[in-house]
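Architecture and fold: a report
Residues per chain are reported as follows:
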Amino acid sequence: MAAHLSVRGVSKRFGATPVLTDIDLRMARGELVTLLGPSGCGKTTLLRVIAGLTQPDSGVLELAGRDITRLPPYRRNVGVVFQNYALFPHLDVAGNVAFGLKLRKRPKAEIDASVKRALELVHLGALADRPVRALSGGQQQRVALARAIAVEPSVILFDEALSALDRKLRETMQGELRRLLRQIGATAVFVTHDQEEALTMSDRVAVMHRGRIDQLADPRTLYDRPATAFALSFVGQSLRLPGTVVDADGDGSMVETAVGQVRAPRRFLPGSPVIVATRPEHVRLAEGENTLHGTVTGVTFQGSRSVVEIDAGGAVLMAELPGRQALPDPGTPVSFGWPVAETLLFPAEEAA
Ligand code: ATP
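Residues numbered from 1 in each chain as written. Predicted model: local features only at pLDDT ≥ 70, side-chain atom pairs only at ≥ 80, totals over all residues.

Naming follows an unreviewed UniProt entry, where the chain appears as ABC transporter ATP-binding protein of Azospirillum endophyticum.

What follows deals with the pairing of strand β2 (residues 17-27). Note that strand β1 (residues 5-14) and β2 share seven bridges and pair antiparallel. Residue pairing across strands places Leu5 opposite Met27, the latter belonging to β2. A loop of two residues connects β1 with β2, the two strands running antiparallel in sequence, and Gly15 in this loop sits at a positive phi of about 65°. (Pairing = 2+ DSSP bridges. Helix = DSSP H or I, 4+ residues; strand = E, 2+ residues; numbered from the N terminus.)

Another point: the sheet that holds strand β19 (residues 344-347). Across the sheet, which stays open at both edges, the five strands sit in the order β13-β12-β11-β14-β19 with antiparallel pairing between neighbours. Looking along the sheet, the strands with just one partner apiece sit at the ends: β13 (260-264) and β19. Going across the sheet, the axis of each strand differs from the next one's by a mean of 40°, ignoring polarity. Relative to strand β12 (residues 252-257), strand β11 (residues 239-249) runs antiparallel, the two being bridged by six bridges. What sits directly across from Ala248, in β12, is Ser253. (Axes fitted to C-alpha atoms, helices over the stretch in contact; angles between N-to-C directions.)

Time to look at the pairing of strand β3 (residues 32-36). Summarising burial for β3: five of the five residues are buried, a large majority. What you see with β3 is no split at all: Leu32, Thr34 and Leu36 on one side and Val33 and Leu35 on the other are buried throughout. Pairing geometry for β3 and strand β8 (residues 187-192), over five bridges, is parallel. When the bridges of β8 are listed, Leu35 appears paired with Val191. Where β3 and strand β9 (residues 204-209) come together, four bridges link them in parallel fashion. Note on β9: the bridge partner recorded for Leu35 is Ala206. (Buried ≥ 20, exposed ≤ 12 C-beta atoms within 10 Å, placed from the backbone.)

Let us look at the domain arrangement of the chain. Parsing the chain into structural domains produces domain 1 (5-228) and domain 2 (237-351). Taking only C-alpha atoms into account, the centre of domain 1 sits 38 Å from that of domain 2. (Domains from an automatic or database assignment.)

Taking strand neighbours across the sheet as the criterion, the four strands line up as β2-β1-β4-β5 in an open arrangement whose pairing is antiparallel. At either end of the open sheet lies a strand with only one pairing partner, and these are β2 and β5 (66-67).

The ligand sits among Phe14, Val19, Gly37, Ser39, Gly40, Cys41, Gly42, Lys43, Thr44 and Thr45. Among the elements that take part in the shell around the ligand, helix α1 (residues 43-51) stands out by supplying three residues, more than any other. Residue composition of the shell around the ligand, grouped by class: three nonpolar, six polar and one charged. (Near = placed C-beta within 6 Å. Nonpolar A, V, L, I, M, F, W, Y, C, P; charged D, E, K, R; others polar.)

Structure, rendered in structure tokens:
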């Protein structure tokens, strides 16, 4: 694949603190990659480097095969939508959206059509003549989105761009934004704290941890096969138990935990400290290939499924049970099991 946007070996320090370390990210044209990670892991800094607002200490950025590492922001054809949308207060909604197009000296008819299209996308068609001062925060955020989209840059960067919107509008916008980005063929990098948003919108998700990309994968792979204990804990729920490998053979490892032994298909040297994990939907309240014992501490009915909380030797685990079935009362001792094939194993030090 010829990358449309390519970030290679990018590092950045602020003083003595490394904020980005050897970042590699190659994106196809039209792809949407989300940067997901805890506060301070370097997401915004990476966006700023791509936009040209922060100069990296080392590394190379290429857009459509052209080295843009030293180009100023306005020559990169990269649009940015920040959370603190800087709108022009003296212009109306349409004026704000038209701003970049006028700067580029596009013909009036084309500007009008682009502004109309962008405003319709963000459901602000009816407010084109409103001064932006007279809009709510969520509406202003949508104007900022429309402004970035209107110039149809080849790369658009979104920093928590939907976070200020209420849940319903955010979900609508997620779908519509995804459709529009496909339509205009823009490559997009999205920063969000919201893992659901990341899984819903992205072609691939980059899980960032302390200035590095821990895993770069499509949402399904990330969920089913997290590469590290950190990626596991950051995306979705999981049962997690610390343990020690006591035996290993060609089929995997046997792990001793505080509440019993379990088998996993990944092989580690005996004596290795590990984290054993599985997703709640693989756990059943019956003996399985792996079986542990605990006490029910809570039951939550969620419509199409129920979640049973189990205390196993101090570790709290969730079992997600489909459909309607008789559920044990809190306080009941239970055996619970799950398949060996769905058992994940990580070196313990990766969890930190
Ligand atoms: P958040 O989710 O909270 O926005 P983030 O993952 O986007 O976090 P960054 O904003 O990229 O993280 O910041 C990463 C680290 O770099 C933080 O520790 C931050 O304090 C530091 N940092 C960012 N910008 C600067 C700067 N201009 N000077 C010094 N340190 C900075």
